[in-house]
Amino acid sequence: MSDFYEILGVDKNATKDEIKSAFRKQARKWHPDVNKAPEAEAKFKELGKAYETLMDDNKRATYDRYGEDGLKDAGFNTSGPFDGGFGDLNDIFESFFGGFGFSERATNPNSPQNGADLRLNIQIDFEEAVFGVKKEVKISHLETCDECNGTGAEAGSKPETCSTCGGTGRVQQVTQTPLGSFRQITTCPKCNGTGKVNVKPCKKCSGDGRLEVERTLTINIPAGVDNGSRIGLAGEGNCGKNGGRTGDLIVVIYVKEHKTFKREGFDIYSTVGISFPQAVLGDTVEVDTVDGKKELIIPAGVEHDKILQIKGAGVPFLGSPSKRGNHNFVVKLKTPQNISQEEKQLYQKLYEHNCNKKPSSKFIDKMKNVLHN
């Protein structure tokens, strides 16, 4: 598998600014319109995949731990931003950085425009995050209008070149100032930058070329996801324009807190209460885990706040469900509150034996009062 850091020429601790700078430099070198080498297209696609992964905190964390296969197992889209083809360099830099193209020429308003990604928040239970779950959800996104096939024009008519901007999508305004003329290029107000005007707009989509459609999706949430995990569903965002790539649906996972279990990484923590005799002599007790009831061995002489462990009873590793963390139990000694007279006498004997002395007169008087009551 490819090393995304090596592809961009950065180290594994690179900041986002360093990654952006590296991508800009490499993109200029390997874009197929500039570099005619046979391997240019493949290298440029790899650059896009590397950049898209390392600029997303969740994708980067998953990649650092499990590699590219881990991204696929976690449900992330790994095709990269250029899987559907390449725009020109100006379009790419405009999309990624808001500019930084190679020339001052205007971007073609009729070039492909990628659709926007959409975000969906889903809340799941603790156990669902541990073992994975399928969720059925409804989303609304933009799809290409089936009446006009995305042209925005009524059947039988075609969009015409905007007479105001001549099809460039931009107009030039010149303002005279005491310091001379000031020239400004702005988006054409008539065609909104498309360079085309629909004389007879499509009635179904009102000339936009896209319609809002509601869809029902089944989202497969893998075992091991955590609070804030993201799942990318390719092609479920808004459709693009002029043949541009459809955006993705980004599903953000929020996990409800459990009443007794806490999660740290792939380990689960909870408490187990035991009595003094169990702490001294040892025992086997029944405890709750995400797999149901299990037996936990209490070793003789265990101390308060000691951590005991059931291996493999924790959270499955994201992307490798056969591997699991552990369930850790923090031992809590339970001090008895209501005990019998016989138990009180036994505790008095234990005191004498362990402290190697008789109780003080104050303690004896107190015990007499307790035993009397």
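These lines cover the structure that appears in this document, whether it is placed above or below. (Residues numbered from 1 in each chain as written. Predicted model: local features only at pLDDT ≥ 70, side-chain atom pairs only at ≥ 80, totals over all residues. Heavy atoms only, no water.)

The next subject is the overall build of the chain. When helices and strands are counted, the chain shows nine helices and 17 strands. For the chain, the residues scored as buried account for 37% of the 373 residues in total. Of the roughly 22,300 Å² of accessible surface on the chain, a fraction of 46% belongs to carbon and sulfur atoms. (Helix = DSSP H or I, 4+ residues; strand = E, 2+ residues; numbered from the N terminus. Buried < 20%, exposed > 50% of the residue type's maximum accessible area, 1.4 Å probe, protein only. Areas by Shrake-Rupley, 256 points an atom, 1.4 Å probe, with all protein chains shown as cover.)

Across the seven residues of strand β9 (residues 249-255), five count as buried, placing the element largely inside the fold. In terms of strand pairing, strand β1 (residues 118-124) meets β9 through seven bridges, oriented parallel. By the bridge assignment, Q123 is partnered in β9 with Y254. Pairing analysis gives four bridges linking strand β8 (residues 230-233) to β9, with the strands arranged antiparallel. (Pairing = 2+ DSSP bridges.)

Judged by pairing direction, the sheet is mixed, and its three strands sit side by side in the order β1-β9-β8 without closing on themselves. Of all strands in the sheet, those with a lone pairing partner are β1 and β8, marking the two edges. Adjacent strand axes in the sheet meet at a mean angle of 25° when their direction is disregarded. (Axes fitted to C-alpha atoms, helices over the stretch in contact; angles between N-to-C directions.)

With that out of the way, let us pick up the packing of aromatic side chains. Applying the stated criterion to the full structure yields five aromatic pairs. Between F4 and Y63, the ring centres sit 4.6 Å apart and the planes meet at 10°, which makes this aromatic pair stacked. A residue pair is termed long-range when its members are at least 10 positions apart, and F4 in helix α1 (residues 4-8) and Y63 in helix α4 (residues 57-73) qualify at 59 residues. Aromatic pair F266 and F317: ring centres 4.5 Å apart, planes at 20°, arrangement stacked. (Phe/Tyr/Trp six-rings, centres within 6.5 Å; stacked < 30°, edge-to-face > 60°.)

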